[in-house]
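Examining the three-dimensional arrangement
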Amino acid sequence: MTRVSKTLLLLVALALATRGVAFADPAGFAFLEIPTGARASSLGGAYGSIGEGVESIYWNPAGLEGVQKAQITGGHSELMQALRHDYFAAGWRMWGGGVAASVRALYSEPIEERDENGTQIGTFGAHDLEFALGYARAVGAGLRVGGSAQAVRERISNLAATTYAFALGGTWDPETVEGLRVSLAAQNLGPAASYDIDGVAGEPISLPVAVQTGGSYRFDLGNVGVKAALEGGSRADAAASR
């Protein structure tokens, strides 16, 4: 079996490794699952092992080790039903590794508010917001680890739910297979939140906990560098683990 064949088999095994994670009822804070970044979106989210630099804070914080100097990134998307998605992140080199701070938001135009007779009585707004700080560094030959902490808020009209979350990730470039990188990342690890309605806590709203693993392989075709990635993941809502 050739080295390339062995590499492909390894990537397939890694991509299937998370298939056994059970799904629970739909989680809240769904905006955390919207693909962030043009490059990652174009790759269908297979970015955990490819990401280098500041955008890695949204996918696998270990990739922040690739921040070698000041970097910024941002974007704006117009979605259906007058929804808008914005993000911005800045990264720099500090403490022997890569550091990044980011914000992303999902928000809407004013929504009509109507009474029980269907008469418009005003408008209200809705938004989801996340602030995050991340750090990564190399800890061994070809091995990088990283983590991030997030403050997350969901608001509808005058009601809001707030919680916090963490992400952890790692990548490994084995010396024995040049061009191969394997990765593992866990995102949105944190407690459920709830809305307070007339002073009473509502049903818990869990975070969309996600685990993504896989790998990428870099090789040359003549004068062209090619990188292929195969990744898989599953989501297990925080409510399922309580």
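As a reminder, the structure under discussion sits directly above these lines.
Below you will find a few notes about this structure. Here the structure is a predicted model, which means the values were calculated and not measured.

1. What to know about the overall build of the protein chain
Secondary structure summary: the protein chain contains two helices and 13 strands in total. Taking all 242 residues of the protein chain together, 41% fall into the buried category. Considering only contacts in the protein chain between residues 6 or more positions apart, those separated by 24 or more positions represent 57%. In the structure as shown, the protein chain presents an accessible area of about 12,900 Å², 59% of it carried by carbon and sulfur atoms.

2. Observations concerning the environment of Y195
Structurally, the position occupied by Y195 is in the loop between strand 9 (180-189) and strand 10 (196-197). Along the backbone, Y195 and L159 are 36 residues apart, and their C-alpha atoms lie at a distance of 6.5 Å. Of the polar contacts made by the side chain of Y195, one reaches the side chain of E154; its length is 3.0 Å.

3. Brief notes about the pairing of strand 9
Each regular strand displays side chains that alternate between the two surfaces of the sheet. Counting buried residues along strand 9, eight of its 10 residues qualify, which places the element largely inside the surrounding structure. As defined by bridge partners, strand 8 (residues 159-172) adjoins strand 9 across six bridges and the pair is classed as antiparallel. Bridge pairing in strand 9 links T171 to S183. In the sheet, strand 9 pairs with strand 12 (residues 210-221) via eight bridges, with the strands oriented antiparallel. By the bridge assignment for strand 12, A186 is matched with V211.

Conventions we followed
Every chain's residues receive numbers from 1 upward, in the order its sequence appears when written. Local features in a predicted model are, by the rule used here, given only for residues with pLDDT of at least 70; side-chain atom pairs are given and counted only at 80 or more, and totals for whole chains, interfaces and linings are based on all residues. Each side-chain value is worked out from all heavy atoms of the structure, with water and hydrogens disregarded. Helix and strand labels come from DSSP, where a helix needs a run of H or I of at least four residues and a strand needs a run of E of at least two; each type is numbered from the N terminus. Partly exposed residues are those whose accessible area sits between 20% and 50% of the maximum for their type, while under 20% is buried and over 50% is exposed, using a 1.4 Å probe and protein chains only. Contacts are assigned to residue pairs with any non-hydrogen atoms lying within 4.5 Å of each other. Surface accessibility follows the Shrake-Rupley procedure with a 1.4 Å probe radius. Residue values consider only the protein chains on display as shielding. Here a polar contact means two N or O atoms within 3.5 Å. Within protein one must be a hydrogen donor candidate and the other an acceptor candidate, and residues neighboring in sequence count only if both atoms are side-chain atoms. At least two bridges found by DSSP between two strands are what make those strands a pair.

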